[in-house]
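Letter by letter, the chains look like this.
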Protein chains: 2
Amino acid sequence: MFKIPDHQVAGHQASTGIIGPLIDDSGRFYKPLQSDHRGSQEVEFYTKFSSITEIPNHIRKFFPIYYGTKQIEASDGSGPCPHLVMEDVVSIRTNPSLMDIKMGSRTWFPTASEDYIMKCLKKDRETTTLPLGFRISGFQIYGDKDSGYWKPERKYVLGFSTDDVRVALKKFVSSNSSNDLVAEPDCAFAESVYGGPNGVLAQLLKLKTWFENQTIFHFYSCSVLMVYEKEPALKGHSPGVTVKLIDFAHVIEGEGVIDHNFLGGLCSLIKFISDILDNLPHNSAQNSEN
Amino acid sequence: MFKIPDHQVAGHQASTGIIGPLIDDSGRFYKPLQSDHRGSQEVEFYTKFSSITEIPNHIRKFFPIYYGTKQIEASDGSGPCPHLVMEDVVSIRTNPSLMDIKMGSRTWFPTASEDYIMKCLKKDRETTTLPLGFRISGFQIYGDKDSGYWKPERKYVLGFSTDDVRVALKKFVSSNSSNDLVAEPDCAFAESVYGGPNGVLAQLLKLKTWFENQTIFHFYSCSVLMVYEKEPALKGHSPGVTVKLIDFAHVIEGEGVIDHNFLGGLCSLIKFISDILDNLPHNSAQNSEN
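Residues numbered from 1 in each chain as written. Chains lettered and ligands numbered in written order. Predicted model: local features only at pLDDT ≥ 70, side-chain atom pairs only at ≥ 80, totals over all residues. Heavy atoms only, no water.

Under an unreviewed UniProt entry, the name given to chain A is Inositol polyphosphate multikinase, and the organism recorded is Cannabis sativa. Recorded in UniProt under Function (unreviewed entry), the annotation for chain A is "Inositol phosphate kinase with a broad substrate specificity." (UniProt positions renumbered as here; feature names shortened; annotations may be inferred.)

What follows is the structure, encoded as structure tokens:
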């Protein structure tokens, strides 16, 4: 009944002797509760989030539906252990292209331990987290039946420079996404995935408006997950663009202050995506810097 | 001809044996070039800024007018030394109330020395820089002829908590700004200073729109300076609200990326100011969190 998901691009992944998430065939995703405080913090977040009635529905849908916790056999066969149960936003899709973007120019929260802060700060400085306010944690881009997915190693992705990020965001919506960053991406799907009233940009702008005002939560080390399907787009149908926030093990209370760390990174990501849309061949007249 | 300015609330201030800025009686402000790279970096910024014709006028007016550099006798009598010459935005005012707010949740830039980074990080964590995305560096609030100014010590201001910042931003626009944070501020001038089409909030929102798009400069350790005059406001006249960006010794090139660090802090400050306006007695119906 439970199996290891095919399409995970970041986070702890199940393999021999390593515990990881599972899925079932009814569209639910089971994330093992991490044994330290992180598991309980994520449960706490989902519980609190579910209970806050003022969060509008158009924002609520950026979060996976939460079904509580459940004791199931761990992926590594080590026995039953508690799992978060939530909506599976990926496995229900056919050949999904995915990108996981960890938000914020700081992945550590002020009350964390000194060791944790220094570890995060080091990683933030070594990746694009510090200069860009976000870093790509992982992605997979579907090519076609023959080429399958381009799903680079975690280490390769974390080594991305600013220019690599720019190219990867173009490759993500291109038909010539060969397995490297070299070929000039054609951005064939940019308009249908990033653009339009339900595209990534429109969705990120909705999130931005909420983050300019919400002071309930601060989302440290949280990711924006972008998903779409290439094949329907090739046939002129909707690519089924989905934007979700995931990973809430480091969410803390906002205490009346906006999450300027997430928001700053979100505005930076929005600018990258807008620049791609503004620089498509037929849009070149719109280019401007100020 | 040159004298030490009366109304400086942050930064290096001239006193016996300490070099500091000077003003003349024609409305110019002379800032001694700091002997390390900071002085030359600020000159470089003003020079580059002046040369970029794409910066629109409604943004240009947030920056003090720059008149080049000039060799004049230093304030400490140590002989002639080069000074930045710029518009004096404060001394031309009568009994100005001022607040200097250092922007960003990070005051250090990625390429700074390890020592400098650690020094800044420590201060950012000890002040509201980290939690709020900005810190109040200094202020003076004019009371009346008898009480004069409330101008607290630098050290006291840097010790502000989130709640202290909230109260100080209210005190700044109150008629009962006694010399402490205890009395409940009446926010008598909130509407005329923070509100309205030329008020602080409207001006900060204009800046925000620019920062969402501009990728030319990253403004580390730069301040927003707010100035107004209480006496005209008491007579029903305009309080002459001015919002300026100042201190550009740590501005670096944006290299195609927005200044998400400044922008995040700016959005946080905007939320603080909006909250004050939304919670004025006659506006209480407008209160909302999401």
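Now that the structure has been shown, we can carry on.
For the rest of this paragraph, the subject is the domain arrangement of chain A. Residue and element names in this part refer to chain A. Split into domains, chain A comes out as domain 1 (2–87) and domain 2 (96–279). Using only C-alpha atoms to locate each centre, domain 1 and domain 2 end up separated by 20 Å. Across the boundary between the two partners, domain 1 contributes 26 residues, which contact 28 residues of domain 2. Here domain 1 meets domain 2 over a buried area of about 2300 Å², counting both sides, of which 66% is carbon and sulfur. Counting the surface domain 1 buries against domain 2, the share from its top three residues, H7, V9 and F62, is 31%. Counting the contacts that link domain 1 with domain 2 gives three salt bridges. A salt bridge links K31 to D247; the nearest nitrogen and oxygen atoms lie 3.0 Å apart. Where domain 1 meets domain 2, there are eight residue pairs in polar contact (both at pLDDT 80 or more). With seven residues, the top contributor of residues to the side of domain 1 that touches domain 2 is helix 1 (residues 37–51). (Domains from an automatic or database assignment. Contact = heavy atoms within 4.5 Å. Buried area = accessible area lost by both parts, 1.4 Å probe. Salt bridge = Lys/Arg side-chain N within 4 Å of Asp/Glu carboxyl O. Polar contact = N/O pair within 3.5 Å; in protein donor to acceptor, adjacent residues only side chain to side chain. Helix = DSSP H or I, 4+ residues; strand = E, 2+ residues; numbered from the N terminus.)

Further remarks concern helix 1 of chain A. All names here are of chain A. The terminal C-alpha atoms of helix 1 lie 21 Å apart, and with 15 residues this matches the ideal 21 Å at 1.5 Å per residue to within 8%. Three or more residues of helix 1 are buried, namely G39, Q41, E42, V43, F45, Y46 and F49. Here the buried face of helix 1 lies against strand 2 (28–32), helix 2 (57–60), strand 3 (66–73), strand 4 (80–87), strand 8 (217–219) and strand 11 (251–253). (Expected span 1.5 Å × (residues − 1). Buried < 20%, exposed > 50% of the residue type's maximum accessible area, 1.4 Å probe, protein only.)

Within this structure, the stated rule accounts for 24 salt bridges over all chains. Between B:K31 and B:E42 there is a salt bridge, with the nearest N and O atoms lying 3.0 Å from each other. In this pair, B:K31 is assigned in strand 2 (residues 28–32) and B:E42 in helix 1 (residues 37–51), connecting sequence segments eleven residues apart. Accessibility assignment for this pair places B:K31 and B:E42 in one class, buried. Through salt bridges with shared partners, one network takes in A:K208, A:E212, B:K208 and B:E212.

On to the side chain of B:Q203, then. Residues and elements named next belong to chain B. Tracing the chain through its elements places Q203 in helix 8 (residues 200–211). Relative accessible area serves as the criterion here: at 12%, Q203 is assigned to the buried category. Engagement of the side chain of Q203 in a polar contact is seen with the backbone oxygen of N198, the distance being 2.9 Å. With sequence-adjacent residues up to four places away left out, Q203 is seen in contact with F62, N198, V241 and V243.

This part is about the interface of chain A and chain B. Taken together, the 37 residues of chain A in the interface contact 37 residues of chain B. Taken together, the two surfaces of chain A and chain B that pack against each other cover about 3100 Å², and 54% of this comes from carbon and sulfur. Counting across the interface, chain A meets chain B through four salt bridges. Residue A:E212 is joined to B:K208 by a salt bridge in which the shortest nitrogen-to-oxygen separation is 2.9 Å. Elements supplying a minimum of two residues to the side of chain A that touches chain B: helix 3 (114–126), helix 4 (129–132), helix 6 (162–171), helix 8 (200–211) and helix 10 (260–278) of chain A. With eight residues, helix 10 of chain A is the single largest residue contributor to the side of chain A that touches chain B. Counted by class, the side of chain A that touches chain B contains 15 nonpolar, twelve polar and ten charged residues. (Nonpolar A, V, L, I, M, F, W, Y, C, P; charged D, E, K, R; others polar.)

Attention now goes to the pairing of strand 6 (residues 134–142) of chain B. All names here are of chain B. For strand 6, the buried fraction is high: nine of the nine residues fall into the buried class. Of the strand pairs in this sheet, strand 6 and strand 7 (residues 149–150) are connected by two bridges, and their pairing is antiparallel. Looking at the pairing, I141 lines up with W150 of strand 7. Counting the residues in the hairpin turn of strand 6 and strand 7 gives six residues, including G148, whose phi is positive at 65°. (Pairing = 2+ DSSP bridges.)

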